[in-house]
Amino acid sequence: MDKKEDNRDEEEEQVVNPWEVSSSGGKIDYDKLIDKFGCQRLDQSLVDRVHRLTGRPPHVFLRRGVFFAHRDLNEIMDAYEKGEKFYLYTGRGPSSEALHLGHLVPFMFTKYLQDAFKVPLVIQLTDDEKCMWKNLSIEESERLARENAKDIIACGFDITKTFIFSDFDYVGGAFYKNMVKVAKCVTYNKVVGIFGFTGEDHIGKVSFPPVQAVPSFPSSFPHLFPGKDHLRCLIPCAIDQDPYFRMTRDVAPRIGYHKPALIESSFFPALQGETGKMSASDPNSAIYVTDSPKVIKNKINKYAFSGGRESIELHRKLGANLEVDIPVKYLSFFLEDDAELEHIKKEYGAGRMLTGEVKECLARVLTEIVERHQRARAAVTDEMVDAFMAVRPLPDMFN
């Protein structure tokens, strides 16, 4: 059984669950989180193994430890090496009109995994969850799910290998039967221990976890995986989603399925500094995929927390503090060229490069990514969304 902890433990300095990410020390301690959740650190040997099995260079998020933790990734790789396929499952809770760059991270990485391993993918839009947690009507949640689906499709997923579904549209049949099986295995005390629900939470919240659990089971998608009930599942996600899948992995063997494997990322920091996740309520805490080049440049110059010193003289003498510098952290996510990143860190850390130069470089890199996404997003029609969300077989999904 996987290690479980109560996320409400008052002695903990940090809270990380699907709805709250905070730390009294300001910065999330990922080593402590790995120990608390009971997952494993993703080491270089696993990165090398992915490289060897796929014949593709590891994604920048793998090379630089953005995806830093896992559960049973070795087992998925063992099975794949023996010729067994798997499928990918990730998702998005549609609570805002536009996505920010932090939202794109799991989808960019999932596209790499889909292309590298040549496997099918299911993407869950939890419009029901956001309706229950946010002050959103059902109709608004459904509308936001379709809008977010356009941004997800713009990441370049292969329609012959990808099924996108919203809970309001899809839940029922085999999917619902699996939800009931999971629900019968999880006591109220257990769900309170894992998620920290209180007596003030409505029962919709308590009943939701099985909805996010069962896409881990292939029989939830009979149109995709008929007769493939033992197909394994790999879930790329941010580590705040881990509680859902600790619960899922505990239940899976009891109802006849493999435990899903996970590959988990750290949080993309806010422009103002590393205090966990960005706030959707503060548009200046993040770069959005709808931002113009001018807005991107202004946000970086005005809000991106700098590790540069108070004066040029002091900066030349001491160099930048790279540990707290947000432009360097953002470049670590999005600057593809390893040699260029190392050069910037070396020169900036030694004081030979100034904050303004690093911010200028970041603005150029992010503008290119956002403009490329905007062009792809503009090409996504309602008919394309319908096609990705159509309940249909995917005949070439393992080719």
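Here the structure is shown first, and the text comes after it.
Here goes a summary of the coordinates provided. Residue numbering note: each chain is counted from 1, following its sequence as written. It should be noted that, the model being predicted, local features are given only for residues of pLDDT at least 70 and side-chain atom pairs only at 80 or more, the latter also being counted only at that level, while totals for whole chains, interfaces and linings use all residues. The basis for every side-chain value is the complete set of non-hydrogen atoms in the structure, without hydrogens or water.

1. What to know about helix α1 (residues 30-37)
Worth spelling out the cut-off: Note on classification: 1.4 Å probe, protein chains only; a residue is buried when its accessible area is under 20% of the maximum for its type, exposed when over 50%, partly exposed between these limits. Helix and strand labels come from DSSP, where a helix needs a run of H or I of at least four residues and a strand needs a run of E of at least two; each type is numbered from the N terminus. The arc in question is formed by the directions pointing from the helix axis toward the C-beta atoms. Contact between two residues is taken to exist if any of their heavy atoms lie within 4.5 Å; hydrogens are not considered.
Residues of α1 that are buried: Y30, L33, I34, K36 and F37. Buried residues in α1, looked at end-on, bunch into an arc of 165°, giving them a common side. When the buried face of α1 is taken as reference, the exposed residues oriented beyond 90 degrees from it are D31 and D35. Where α1 is buried, its residues touch β1 (14-17), β3 (40-41), β4 (67-71) and α13 (242-251). Just downstream of α1 lies G38, where phi reads positive at about 80°.

2. So, the sheet that holds β4
Selection rule: By the convention used here, strands pair only if DSSP detects at least 2 bridges between them.
The sheet built from 7 strands is open, its strands ordered β3-β4-β9-β8-β5-β6-β7 with mixed pairing. In the strand order of this sheet, the two ends are held by β3 and β7 (162-166), each with one partner. With 2 bridges joining them, β3 and β4 adopt antiparallel strand pairing. The residue bridging R41 from the neighbouring strand is A69, located in β4.

3. Thoughts on the packing of aromatic side chains
Two aromatic rings are characterised by how far apart their centres lie and by the angle between their planes. Where we set the bar: Geometry of aromatic contacts follows a simple scheme: Phe, Tyr and Trp rings, the Trp one being its six-membered ring, pair when their centres are within 6.5 Å, and the pair is stacked under 30 degrees between planes, edge-to-face over 60, tilted otherwise. Think of it as a cone above the ring: NZ of Lys or CZ of Arg counts as a charge over the ring if it is within 6 Å of the ring centre and within 35 degrees of the ring normal.
For the structure shown, the criterion picks out 38 aromatic pairs. Geometrically, the ring pair formed by F163 and F165 is stacked, given 5.6 Å between the ring centres and 20° between the ring planes. Exposure class is identical for F163 and F165. Each is buried. Ring centres of F195 and Y244 lie 5.2 Å apart, and the angle between their planes is 50°; this geometry places the pair in the tilted category. Of this pair, F195 sits in helix α10 (residues 188-195) while Y244 sits in helix α13, and the two are 49 residues apart along the sequence. Of the two residues, F195 and Y244, both sit in the buried class. One aromatic cluster in this structure is built from W19, Y89, W133, F195, F197, F208, Y244 and F245. For the cation-ring pair, R246 lies above F37, with the distance from its terminal atom to the ring centre recorded as 4.5 Å.

4. Quick notes on the environment of D282
On the secondary structure map, D282 appears in the loop between β9 (261-265) and α14 (293-303). Classification of D282 by relative accessible area gives partly exposed; the value is 29%.

5. Considering the packing of α10 against α13
The test is simple: Every angle, taken between N-to-C directions, lies between 0 and 180 degrees, and every axis is a line fitted to C-alpha atoms, over only the stretch in contact when it is a helix. If you view the pair so one helix is near and one far, a crossing is left-handed when the near helix is turned anticlockwise from the far one by less than a right angle, and right-handed when it is turned clockwise. For this classification, the nonpolar set comprises Ala, Val, Leu, Ile, Met, Phe, Trp, Tyr, Cys and Pro, the charged set comprises Asp, Glu, Lys and Arg, and every other residue, Gly included, is treated as polar.
Contact geometry for α10 and α13: axes closest at 9 Å, N-to-C directions at 145°. Between α10 and α13 lies a crossing of right-handed hand. In contact with K190, I194 and F195 of α10, α13 contributes P243, Y244, R246, M247 and D250. Residues that form the contact of α10 with α13 fall into these classes: 5 nonpolar, no polar and 3 charged.

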